[in-house]
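# Descriptive analysis of the structure
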Amino acid sequence: WVFQELGEGFDAETVLAPRNGHLVAVSNLLYGVLFSTIGPEYLAFRIIEVAGLLVLSGLLFVYARRRVGPGLGLAPAVVILFLGAGWETILWPYSIATFGFALAAGLGALLALERNDGAGDAIACVLLVLSVASVSVGLTFVLGAAVLVMTRSDRNWSSLWIAAVPLIAWVAWWLWAMRFDEPSSLSSVNVWLIPTYAAESLAAVLASVTGLG
């Protein structure tokens, strides 16, 4: 559907339109720009995919290295880089342009917050907006950023704008996107499914890492 819809031209509504209930504006915009400039040249998408994967792995290594050292920090980066039994996921550039970009921007935001200065806060806010605009998993980084801000030594409530801006932007989009009448997963019934979903996700991750899937 990405090639079919964005290949015919794109506008603001097309970019912001929800996909399975998610905001995927970054990938929509990326695909639209590439289609309108170089056309459906798959090599360009592959290059962007590889670059995104390398950035994500590099940021994860930096984040882990600061906490457990370079040796142990390299382990999760290598897992992300090759994905074990789930390697086929990275064959589809759209996976990197959504989840990959969201994770990379989110990690970048957390690293920027560690600067603990005005420039770092501004960079973090921009990256959080980019993260939530890539796919809804970016909301977890917004929550993480809010926790980091509130655990700083100065504990300045006014700094919560760093997390508030991307959250408000996402909520505004979500209210606007209700016009598309897509089925939403935001239901109180789904709260009871979280433990099962978490257990199944952990099993899938462990199977992928160990090659036993």
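Preceding this paragraph is the structure being described.
Residues numbered from 1 in each chain as written. Predicted model: local features only at pLDDT ≥ 70, side-chain atom pairs only at ≥ 80, totals over all residues. Heavy atoms only, no water.

### Concerning the pattern of salt bridges
Applying the stated criterion across every chain, the model contains five salt bridges. The partner of R179 in a salt bridge is E13, and the shortest N-O contact between them spans 3.6 Å. Of this pair, R179 sits in the loop between α8 (161-177) and α9 (194-210) while E13 sits in helix α2 (residues 12-16), and the two are 166 residues apart along the sequence. With relative accessibility at 53%, the residue R179 sits in the exposed group. Take E13: its relative accessible area is 37%, and that puts it in the partly exposed class. (Salt bridge = Lys/Arg side-chain N within 4 Å of Asp/Glu carboxyl O. Helix = DSSP H or I, 4+ residues; strand = E, 2+ residues; numbered from the N terminus. Buried < 20%, exposed > 50% of the residue type's maximum accessible area, 1.4 Å probe, protein only.)

### Here's the deal with α9
A rise of 1.5 Å per residue sets the reference length of α9, with its 17 residues, at 24 Å; its end C-alpha atoms lie 24 Å apart and thus fit the reference within 8%. Following α9 by one or two positions, G211 adopts a phi angle in the positive range, close to 75°. (Expected span 1.5 Å × (residues − 1).)

### Considering the packing of helix α6 (residues 118-134) against α8
Close contact between α6 and α8 brings their axes to 9 Å; oriented N to C, the two are set at 25°. As the angle between them shows, α6 and α8 are arranged roughly parallel. For the element pair α6 and α8, the recorded crossing hand is right-handed. Taken together, the residues of α8 that come into contact with α6 (itself represented by D121, A122, A124, C125, L128, V129 and V132) are W161, I162, A163, V165, P166 and W170. Here the residues of the contact of α6 with α8 sort into 12 nonpolar, no polar and one charged. (Axes fitted to C-alpha atoms, helices over the stretch in contact; angles between N-to-C directions. Parallel < 35°, antiparallel > 145°, perpendicular 65-115°, else oblique. Left-handed = near helix turned anticlockwise from the far one by under 90°. Contact = heavy atoms within 4.5 Å. Nonpolar A, V, L, I, M, F, W, Y, C, P; charged D, E, K, R; others polar.)

### A word on the nonpolar core
By size, the foremost hydrophobic cluster in this structure holds 41 residues, and its most contacted members are L23, Y31, L113, A124, L128 and I162. Taken together, the elements giving at least two residues each to this core come down to α3 (25-37), α4 (42-82), α5 (93-113), α6, α7 (138-150) and α8. Discounting residues that sit within four places of it in the chain, L23 has contacts with L16, V132, A133, S134, V135, S136, W170 and W173. (Core = buried A, V, L, I, M, F, W, Y, C linked by side-chain atoms within 4.5 Å.)

### Some remarks on α5
Between its first and last C-alpha, α5 extends 29 Å over 21 residues, near the 30 Å set by a 1.5 Å rise per residue. By the criterion of burial, α5 is predominantly enclosed, with 19 of the 21 residues buried.

### With respect to the side chain of S159
The residue S159 is located in the loop between α7 and α8 in this model. Filtering out sequence-adjacent residues up to four positions away, S159 remains in contact with V149 and R152.

### A look at a nonpolar patch on the surface
A surface patch of nonpolar side chains, about 350 Å² in accessible area, is lined by L167, V171, L175 and M178. Summarising the element assignment, V171 is placed in helix α8. (Patch = residues over 30% accessible without salt bridge, like charges linked within 9 Å, V, L, I, M, F, W, Y side chains within 5 Å. Areas by Shrake-Rupley, 256 points an atom, 1.4 Å probe, with all protein chains shown as cover.)

### Observations concerning the packing of aromatic side chains
Under the definition given, this model contains seven aromatic pairs. Considering the side-chain rings of Y31 and Y94, the 5.8 Å spacing of their centres and the 80° angle between planes classify their relative orientation as edge-to-face. Of this pair, Y31 sits in helix α3 while Y94 sits in helix α5, placing them 63 residues apart in sequence. Ring pairing ties together the aromatic residues Y31, F35, Y42, F45 and Y94, which thus form one cluster. The aromatic ring of Y63 is capped on one face by R67, whose charged end is 3.7 Å from the ring centroid. (Phe/Tyr/Trp six-rings, centres within 6.5 Å; stacked < 30°, edge-to-face > 60°. Lys NZ or Arg CZ within 6 Å of the ring centre and 35° of its normal.)

### A short note on the packing of α5 against α6
Interaxial distance between α5 and α6 falls to 8 Å at its minimum, and their mutual angle equals 165°. With respect to α6, the axis of α5 lies roughly antiparallel. Considering how the two elements wind past one another, α5 and α6 form a crossing that is left-handed. Here A97, T98, F101, A102, A105, G106, G108, A109, A112 and L113 of α5 lie close against α6, whose contacting residues are G120, D121, I123, A124, L127, L128, L130, S131 and S134. Among the residues forming the contact of α5 with α6, the class breakdown is 12 nonpolar, six polar and one charged.

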